[in-house]
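# Survey of secondary and tertiary structure
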Amino acid sequence: MSRPRSPDPNFSVYTCLQAYNIHVNGVLHCRVRYSQLLGLHEQIKKEYGNNVVPAFPPKKIFTLTPAEVEQRREQLEKYMQALRQDPLLGASETFNSFLRKAQQETQQIPTEEVQLEVHLSNGQKVTVNILTSDQTEDVLEAVATKLDLPDDLVGYFSLFLIQEGEHGNCTFVRKLQEFELPFVSVTSLHNPDYHIVLRKSYWDSAYDSDVMENRVGLNLLYAQTVSDIERGWILVNKDQHRQLKSLQEKGSKKEFIRLAQTLKYFGYIKFDPCITDFPEKGCHVIVSAGNNELSFHVKLPNNQMKEGSFKVTRMRCWRVTSSVSGSNPCSSIKCDVKLELAFEYLMSKDRLQWVTITSPQAIMMSICLQSMVDELMVKKSGGSIKKMQKRRLNGSIHRSNSQQAVKSPPLLDSPDTSREQVPKLSTKLSSVSLRGISASNSANDLSGNDFHGNYAFEGIGDDDL
């Protein structure tokens, strides 16, 4: 049985005159006609066979009625989502190149040489020469070349689209995928607050040792660690802060990272405040992803603050759902999309419960969960996350051979003492009262076809809970 496909950015399809708008996370990705999608279907069917490809909405001889137009739209949306979630078809060059080409044509950006700024965690900008038609892998390779990062370490890093907020805060929108063109993705937003950031893409801190053996890798990891501490993503008390600053002053970057690895929330991604139904419906929560878990910092209706975590190995499955309201998808680049991440969690030996998070970053949370599962499965099989990036054999532009060093971030500011120690949600989650969460009911709650099963799910005994 194949491993479940990552529930990557949410594909939505809307009817627009004689074409269909494909939105990713509520943002217009491309506009395509039925004939173009049919051509994609025929090509994939030719390459992979009828038994693998999902059903495609048939042609109609007569003009479609409004009801038939809506029915076809729903069928096309399910078709595109089924392609993306299939581990073979979703990773195929045929599918991804179709979306890249359609994205470029829709945004009416010609293929030409441009300069693209990619930010590092310390705010440093790396300018690379690329083509507007270069895919995510090409851009990542160009950044690595510019920084002199070895090929065997490129796979440890990824490009992320983020939105800068006030006071240095940032919102992780998504990890850039193989079906998009980074230059087109960021410029089509027409908002200077959005930019692309290079960040490590793995979760297990044991891999830090591989990265730190290289000078550039060490500097990138060091810059990210300092940035996460300054943002408050990694919790530091006064004594730990003093030790870290002393190591900074000595230039002991490896020792700095080793100490940071022992701190709470090292290597986590912190999401914006959102809503959850755990442990009660309508609770405000700050979710962080890391260390093979989702960590909750919950504000209860009585204003009491509590913390808890959900291990990815105890999530049987999860899914992301979306609903659109507000702007007309045909006339607007941006739609109002409500996203929810729901996962079924093993609370005790024989009790599974659904937990729901309502957040604009639900897709990003889902991608984090899937990448944790992928990493666990690779490690379990004795594999490595190292990978060589494919070289473009037919590159038509000359990339600059000039290189850029990663700058050291400034010394840490004074520690934030405003965050108080909060009680745990429960030392054993099975003892928490789950008001507002119904018992697991797959038939009523979630469509089985939309599940993202978890191959790292473990049957756990009571002693482990």
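Summary of the structure given here.

Cut-off values and rules
- The residue numbering used here restarts from 1 in each chain and proceeds along that chain's sequence as written.
- In keeping with the predicted nature of the model, local features appear solely for residues at pLDDT of at least 70, side-chain atom pairs appear and are counted solely at 80 or more, and the whole-chain, interface and lining totals rest on all residues.
- The basis for the side-chain values is all heavy atoms of the structure; hydrogens and waters are excluded.
- A run of H or I in DSSP counts as a helix once it spans at least four residues, and a run of E counts as a strand once it spans at least two, with each numbered from the N terminus.
- Note on classification: 1.4 Å probe, protein chains only; a residue is buried when its accessible area is under 20% of the maximum for its type, exposed when over 50%, partly exposed between these limits.
- Using a 1.4 Å probe, accessible areas were evaluated by the Shrake-Rupley method; residue-level cover was limited to the displayed protein chains.
- We call a set of buried residues a nonpolar core when its members are Ala, Val, Leu, Ile, Met, Phe, Trp, Tyr or Cys and they connect through side-chain atoms within 4.5 Å of each other.
- Every residue pair with non-hydrogen atoms within 4.5 Å of one another is taken to be in contact.
- At least two DSSP bridges between two strands are needed for those strands to be called paired.
- Lines fitted to C-alpha atoms define the axes here, with helix axes fitted over just the stretch in contact, and angles between the N-to-C directions of these axes take values from 0 to 180 degrees.
- For Phe, Tyr and Trp, rings pair up if their centres lie within 6.5 Å, where Trp contributes its six-membered ring, and each pair is then called stacked (planes under 30 degrees apart), edge-to-face (over 60) or tilted (otherwise).
- Expected span of a helix, by definition, is 1.5 Å for each gap between consecutive residues, and there is one gap fewer than residues.
- This arc is taken over the directions from the axis of the helix to the C-beta atoms.
- Geometric relationships in this document are graded by angle, where less than 35 degrees denotes roughly parallel, more than 145 denotes roughly antiparallel, 65 to 115 denotes roughly perpendicular, and other angles denote oblique.
- By definition, any crossing whose near helix is turned counterclockwise from its far helix by less than a right angle is left-handed, and any crossing with a clockwise turn is right-handed.
- Each residue gets one of three labels, nonpolar for Ala, Val, Leu, Ile, Met, Phe, Trp, Tyr, Cys and Pro, charged for Asp, Glu, Lys and Arg, and polar for the others, Gly among them.

### Overview of the overall build of the protein chain
Looking only at helices and strands, one finds 12 helices and 17 strands in the protein chain. Considering the protein chain as a whole, with its 465 residues, one finds that 51% of them fall into the buried category. Of the roughly 22,000 Å² of accessible surface on the protein chain, 47% is carried by carbon and sulfur atoms.

### Looking at the nonpolar core
Leu116, Leu147, Leu198 and Leu220 are the most contacted members of the largest nonpolar core, which totals 53 residues. In terms of residue count, the dominant contributor to this core is helix H8 (residues 215-231) (7 residues). With sequence-adjacent residues up to four places away left out, Leu147 is seen in contact with Leu120, Val126, Leu198, Val216, Leu220, Gln404 and Val406. The next biggest cluster of nonpolar side chains, apart from the first, holds 40 residues, and it includes Val197, Trp203, Tyr345 and Leu369.

### Description of the sheet that holds strand S7 (residues 170-175)
Strands sit in the order S5-S4-S8-S6-S7 across an open sheet of 5 strands; the sheet is mixed. The sheet terminates laterally at strand S5 (125-131) and S7, the two strands that pair on one side only. When the angles between neighbouring strand axes are averaged without regard to direction, this sheet yields 45°. The pairing of strand S6 (residues 157-164) with strand S8 (residues 194-200) spans 7 bridges and is classified as antiparallel. Residue pairing for S8: Phe160 is matched across the bridge by Val197. Across the sheet, helix H4 (residues 136-147) lies against strand S4 (113-119), S5, S6 and S8, angled at about 130° from S5, the strand it touches most.

### Describing the packing of aromatic side chains
A complete count under the given rule lists 15 aromatic pairs for this structure. Summarising the aromatic geometry, the rings of Phe310 and Phe343 are spaced 5.3 Å apart at their centres and angled 70° between planes, so their arrangement reads as edge-to-face. With Phe310 in strand S13 (residues 305-311) and Phe343 in strand S15 (residues 336-348), this residue pair connects regions lying 33 residues apart in the sequence. For Phe343, a relative accessible area of 0% puts it in the buried group. What links up through ring pairs into an aromatic cluster is the set Phe278, Phe296, Phe310, Phe343 and Tyr345.

### Topic: the pairing of strand S2 (residues 19-24)
The buried fraction of S2 is high, at 6 of 6 residues. In terms of strand pairing, S2 meets strand S3 (residues 27-32) through 5 bridges, oriented antiparallel. When the bridges of S3 are listed, His23 appears paired with Leu28.

### Let's talk about the environment of Ala289
With respect to the helices, strands and loops of the structure, Ala289 is situated in strand S11 (residues 283-290). In the structure, Ala289 is positioned 19 residues away from Lys270 in sequence and 6.5 Å away in space, judged by C-alpha atoms. Apart from residues no more than four positions distant in its own chain, Ala289 is found in contact with Trp203, Gly267, Tyr268, Ile269, Phe271, Leu294, Cys368 and Met372.

### Digging into helix H2 (residues 66-85)
Between the first and last C-alpha of H2 there are 29 Å, a value that for 20 residues agrees with the 28 Å anticipated at 1.5 Å per step. When we look at burial in H2, the residues that qualify are Arg72, Arg73, Leu76, Glu77, Tyr79, Met80, Leu83 and Arg84. In a view along the axis of H2, the buried residues occupy a sector of 160°, so they form one face of it. Pointing more than 90 degrees away from the buried face of H2 are the exposed residues Ala67 and Lys78.

### Section: helix H11 (residues 362-380)
Here H11 is 19 residues long and its end C-alpha atoms lie 27 Å apart, about the 27 Å a rise of 1.5 Å per residue gives. Note on H11: the residue one or two positions beyond its end, Gly382, has a positive phi of about 80°.

### Section: the packing of H2 against helix H3 (residues 93-106)
It is at 10 Å that the axes of H2 and H3 come closest, and there the two elements cross at 125°. The pairing of H2 with H3 is recorded here as oblique in orientation. In this structure, H2 crosses over H3, and the sense of that crossing is left-handed. Residues Met80, Leu83 and Arg84 of H2 form the contact with H3, whose own contacting residues are Phe95, Asn96 and Leu99. Broken down by class, the residue content of the contact of H2 with H3 amounts to 4 nonpolar, 1 polar and 1 charged.

Read these as geometric descriptors, not functional statements.
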